[in-house]
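Chain by chain, the residues run as shown.
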Amino acid sequence: KDKNPYVSKVATLGDPTGSRLYDRVHDILTSKDKIPYVSKVGDLYYNFWKDGDNQRGVLRRTTLESYESGSPEWEEVLSVDKLCKDEGESWVYKGN
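Residues numbered from 1 in each chain as written. Predicted model: local features only at pLDDT ≥ 70, side-chain atom pairs only at ≥ 80, totals over all residues. Heavy atoms only, no water.

J.: Lay out the overall build of the protein chain in plain terms, naming residues and giving numbers.
T.: Assigned secondary structure in the protein chain consists of 4 helices and 4 strands. In sequence order, the protein chain lays out its α and β elements as α-α-β-β-β-α-β-α. On C-alpha atoms alone, the protein chain measures out to a radius of gyration of 21 Å, which is more than a quarter above the 12 Å that the 2.2 N^0.38 rule sets for 96 residues. Expressed along its principal axes, the backbone C-alpha trace of the protein chain runs to roughly 60 × 35 × 20 Å. Taking all 96 residues of the protein chain together, the buried fraction comes to 16%. Here the analysis covers contacts within the protein chain between residues at least 6 apart in sequence; of these, 24% occur between residues at least 24 apart. Carbon and sulfur atoms provide 52% of the accessible area of the protein chain, an area that totals close to 8,200 Å². In the protein chain, the 15 positive side-chain charges and the 17 negative ones have mean positions that sit 9 Å from each other. (Helix = DSSP H or I, 4+ residues; strand = E, 2+ residues; numbered from the N terminus. Rg over C-alpha atoms; globule rule 2.2 N^0.38 Å. Buried < 20%, exposed > 50% of the residue type's maximum accessible area, 1.4 Å probe, protein only. Contact = heavy atoms within 4.5 Å. Areas by Shrake-Rupley, 256 points an atom, 1.4 Å probe, with all protein chains shown as cover. Lys, Arg positive; Asp, Glu negative; His and termini not counted. Charge placed at Lys NZ, Arg CZ, Asp CG, Glu CD.)

This is the structure in structure tokens:
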């Protein structure tokens, strides 16, 4: 008997690779798109963001109105990448 229980399921249902659903789920799981989750501090909303341009991350903030607009205007508070470059150190943002 096969030790992998999924082998019999694939044999029964067929390999999903290449199906529309499989391709859509794959696209979602491998997407570079992210949701900028925020934390409220006073009247402003903060977010720590990492991407191709900010590999170590950037702490940024915006207003609620700007965040809800769908295209927030972020004010950079701290760029860890820039800090590392400026100080010649390898900094890591630990968060709150």
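Next comes the rest of the description.
J.: Which residues make up the pattern of salt bridges, and what are the values?
T.: Enumeration over the complete set of coordinates arrives at 2 salt bridges. Among the salt bridges present, the one from Arg61 reaches Glu75, with a minimum N-O distance of 3.1 Å. A residue pair is termed long-range when its members are at least 10 positions apart, and Arg61 in strand β3 (residues 58-62) and Glu75 in strand β4 (residues 75-79) qualify at 14 residues. (Salt bridge = Lys/Arg side-chain N within 4 Å of Asp/Glu carboxyl O.)

J.: Give me the lowdown on a nonpolar patch on the surface, citing residues and values where you can.
T.: Judged by side-chain polarity, Leu21, Val25, Ile28 and Leu29 come together as a nonpolar surface patch covering roughly 430 Å² of accessible area. Mapped onto the fold, Leu21 is located in helix α2 (residues 20-29). Looking at Leu21, the relative accessible area reads 65%, which means it is exposed. (Patch = residues over 30% accessible without salt bridge, like charges linked within 9 Å, V, L, I, M, F, W, Y side chains within 5 Å.)

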